[in-house]
Amino acid sequence: MTVDNTPVTPDELHALVDGELPADRQQAVNEWLAAHPEDAALVAGWRAQADAIRTHYGAVADEKVPDRLSIENVMRNGGRGWRSIAAAAAVAAVMAFSVGGIAGWMARGASASAPTDVESFGNDALAAHRLYIGEVRHPIEVGATEAHLLPWLSRRIGTQIRAPELEKFDLKLLGGRLLPGMHGPAALFMYESATGERVTLYCSKLNAERTGFRYNANEKFAAVQWIEGGYGYVVSGPAEKMRLKQIARSSYEQLENRAPPPPANKATFIDQLMSRVDRKG
Amino acid sequence: MSSFRQDVETAIPALRRYARALTRNAETADDLVQDTLVRALRSEHLFHGGEIRSWLFTILTNLNRNRLRSLARRPIAKSLADEDAPDLAGPEAGQRDIERALALLVDEQRHALLLVVLEGLSYREVAEVQAVPIGTVMSRLARARAQIKAYLDGERPALRRVK
């Protein structure tokens, strides 16, 4: 076998680790590594990474495949049956508590134990947001143009609710849907901007003390949550703090039927709302 | 059962493993696998031979990309959640390191790295899955590895450096 002695490239080091190195370069690369300890360390590090990944996830392939993924079930249901709203909400609830999702980020700053009702509520809202903003064709159940949207949702969640007007944020109400919640039915309003950005408002009964705005975010999306009059509200959307807070504030004012504060006080108003949380500890 | 379906069935454990590593969430991962299977079985007539496994990985990779797009319509620069996540310490920290390091990668890099090291696809197969030249696959791999190394060596994102 001829040995190719041209200098070793970084690509070849990767190829070595991944078993893609041509046979006639094996010897040259091995000699190179013997003479270049830094490159040898690099290669060892990459191998360790690969081992860590295989160790961490390898066992998944040995797990019993869940029934819903059996070929028979997929053929029979066409993957559709499980997508009913109730099932989707159940999936959403599970997602909210699973490791690696957004689990627990609502609970930041709180104890590491089981999430409180308020935290679970926030997780439910975010799980619903996450699930339904991804729906291309059926993001909502009842459209904004249908007159029974608000009476229906109000009746089901047990309080008069209106969908805040968010046109000034370039957000148009698409409509809403009803979801199962922890303490009863929950209403979810979906808004969409001209560029397809989606924001949701989640509302349901929540037996907890009144709070100011709480902001939570991960890299993909964020939520502002508050509790007022035995109901919890969560506005979820892209993780742009100021914008989302403004949307939440506007929603809050409209839901509470309050006159907006004079523009000069905008910052103070938010600060007051935010500080309420702090004072409560 | 036809051999097509048998081949699809044989690939399910690997699809679940890949999806789990991509999503870091068992439920979401199996949703992705289910969607992949539904599409694959519906498109049996479109499959003209070749490696079924690569074809299934392609479907899953694309579905995952759609999913991520639907979750984040705009690029978000920083993770506020990680800022004060307490789990850098504690007994699970070491085990979670690789998971966290993977999570920091750009999606294309994560796809490429996992297909190569976890699923054992060749560079050529990954290039087909990602519909890019092999050179692009290699630069994705190189960047992924460099970033994981930086993370494991203790270079945290800027936010973490604040003590």
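All figures in this text were calculated on a predicted structure; none of them were measured in a lab. (Residues numbered from 1 in each chain as written. Chains lettered and ligands numbered in written order. Predicted model: local features only at pLDDT ≥ 70, side-chain atom pairs only at ≥ 80, totals over all residues.)

## Focus: the overall build of chain B
Note the threshold: Numbering of helices and strands starts at the N terminus; helices are DSSP runs of H or I of at least 4 residues and strands are runs of E of at least 2. Counting other C-beta atoms within 10 Å of a residue's C-beta gives its exposure: the residue is buried at 20 or more, exposed at 12 or fewer, and partly exposed in between, where C-beta atoms are placed from the backbone. Contact between two residues is assigned whenever their backbone-derived C-beta positions fall within 7 Å.
What chain B contains, in helices and strands, is nine helices and zero strands. Counting helices and strands in the order they occur from the N terminus, chain B gives α-α-α-α-α-α-α-α-α. Split into buried and exposed, the 163 residues of chain B put 36% on the buried side. If you take every contact in chain B between residues at least 6 apart in sequence, the share linking residues at least 24 apart comes to 65%.

## Describing helix H8 (residues 134–152) of chain B
Here is the rule we go by: Between the first and last residue of a helix there are one fewer steps than residues, each counted as 1.5 Å, and that sum is the expected span.
Across its 19 residues, H8 of chain B extends 27 Å between first and last C-alpha, which sits within 8% of the 27 Å expected from 1.5 Å per residue. Glycine 154 of chain B sits one or two residues past H8 of chain B and shows a positive phi near 105°.

## Description of helix H8 (residues 241–255) of chain A
Structurally, the α-helix is built with 3.6 residues per turn, so residues lying three or four positions apart point the same way. The first and last C-alpha atoms of H8 of chain A sit 21 Å apart over 15 residues, in line with the 21 Å expected at 1.5 Å per residue. The first or second residue beyond H8 of chain A is asparagine 257 of chain A, which carries a positive phi of 60°.

## Some points on the packing of helix H7 (residues 123–130) of chain B against H8 of chain B
Residues and elements named next belong to chain B. Operational definition: Simply put, an axis is a line fit to the C-alpha atoms, just over the touching stretch for a helix, and the angle between two N-to-C directions goes from 0 to 180 degrees. Roughly parallel refers to an angle under 35 degrees, roughly antiparallel to one over 145, roughly perpendicular to one between 65 and 115, and oblique to any angle outside these ranges. Any residue that is not Ala, Val, Leu, Ile, Met, Phe, Trp, Tyr, Cys, Pro, Asp, Glu, Lys or Arg is counted as polar, Gly included; the first ten are nonpolar and the last four charged.
Contact geometry of H7 with H8 gives a least axis separation of 8 Å together with a crossing angle of 100°. Considering the angle they form, H7 stands roughly perpendicular to H8. The residues of H8 that touch H7, namely those facing Tyr123, Arg124, Val126, Ala127 and Gln130, are Ile134, Val137 and Met138. Grouping the constituent residues of the contact of H7 with H8 by class yields six nonpolar, one polar and one charged.

## Observations concerning the packing of helix H1 (residues 3–23) of chain B against helix H2 (residues 26–42) of chain B
Geometry of a packed helix pair, given as the angle between the helix axes and the separation of the axes. Residues and elements named next belong to chain B. As a reminder of what qualifies: Crossing handedness is defined as follows: a turn of the near helix away from the far one that is anticlockwise and smaller than a right angle gives a left-handed crossing, while the clockwise case is right-handed.
Relative to each other, H1 and H2 sit at 140°, their axes nearing to 8 Å. Taken together, the axes of H1 and H2 lie oblique to each other. In terms of crossing hand, the pair formed by H1 and H2 is right-handed. Counted together, Val8, Ile12, Leu15, Arg16, Ala19, Arg20 and Thr23 of H1 and Ala26, Thr28, Ala29, Asp30, Leu32, Val33, Thr36, Leu37, Ala40 and Leu41 of H2 form the full contact between these two elements. Looking at the contact of H1 with H2, its residues break down into 11 nonpolar, three polar and three charged.

## Here's the deal with the confidence of the model for chain B
Do not read the predicted coordinates in detail wherever pLDDT is low. Residue and element names in this part refer to chain B. We count it as follows: Scored between 0 and 100, pLDDT is the confidence that the predictor attaches to each residue.
Across chain B, the average pLDDT comes to 79, with 77% of residues at 70 or higher. At the low end of the mean pLDDT range in chain B sits helix H4 (residues 80–83), at 38; at the high end sits helix H6 (residues 107–118), at 95. Across residues 73–93, confidence stays below pLDDT 50; counting only partners more than four residues off in sequence or on other chains, it has 25 contacts. Confidence drops under pLDDT 50 across residues 158–163; counting only partners more than four residues distant or on other chains, this segment forms three contacts. Per the prediction output, this complex has pTM 0.51; the corresponding ipTM is 0.81.

## Observations regarding unusual backbone geometry
A positive phi is found at aspartate 170 of chain A, a non-glycine position, where the angle reads about 60°. Position of aspartate 170 of chain A relative to the elements: it lies in the loop between helix H7 (149–157) and strand S2 (172–181). The backbone of arginine 24 of chain B shows a phi angle near 60°, a positive value even though the residue is not glycine. Assignment of secondary structure puts arginine 24 of chain B in the loop between H1 and H2.

## Some thoughts on the pairing of strand S5 (residues 211–217) of chain A
We apply this condition: Pairing between two strands is assigned when DSSP locates at least 2 bridges connecting them.
With five of its seven residues buried, S5 of chain A lies for the most part within the structure. Between the end of S5 of chain A and the start of strand S6 (residues 221–228) of chain A, which pair antiparallel, lie three residues.

## Regarding the sheet that holds strand S1 (residues 142–143) of chain A
Residue and element names in this part refer to chain A. Spatial ordering of the open sheet is given by S1-S2-S3-S4-S7-S6-S5, a layout of seven strands whose pairing is antiparallel. Edge positions in the open sheet fall to S1 and S5, since each of these has one partner strand only. In this sheet, strand S3 (residues 184–192) lies alongside S2 in antiparallel orientation, the contact comprising nine bridges. Directly across from glycine 181, in S3, lies its bridge partner glycine 184. Against the sheet, helix H6 (residues 117–133) contacts S2, S3, strand S4 (198–205), S5, S6 and strand S7 (231–238), and its axis sits at roughly 140° relative to S4.

## Points about the pairing of S6 of chain A
Residue and element names in this part refer to chain A. By the criterion of burial, S6 is predominantly enclosed, with six of the eight residues buried. As paired strands, S5 and S6 are joined by five bridges and run antiparallel to one another. Bridging from a neighbouring strand, alanine 217 pairs with alanine 222 of S6. Relative to S7, S6 runs antiparallel, the two being bridged by eight bridges. Of the residues in S7, the one forming a bridge with glutamate 228 is tyrosine 231. Linking S6 back to S7 in an antiparallel pair, the connection comprises two residues, with glycine 229 at a positive phi of about 60°.

## Brief notes about the environment of arginine 110 of chain B
All names here are of chain B. By the element assignment, arginine 110 lies in helix H6. The sequence separation of arginine 110 and leucine 141 amounts to 31 residues, and the corresponding C-alpha distance is 8.3 Å. Sequence-distant contacts of arginine 110, that is, excluding residues within four places in its chain, are made with Leu22, Leu102, Leu105 and Ala144.

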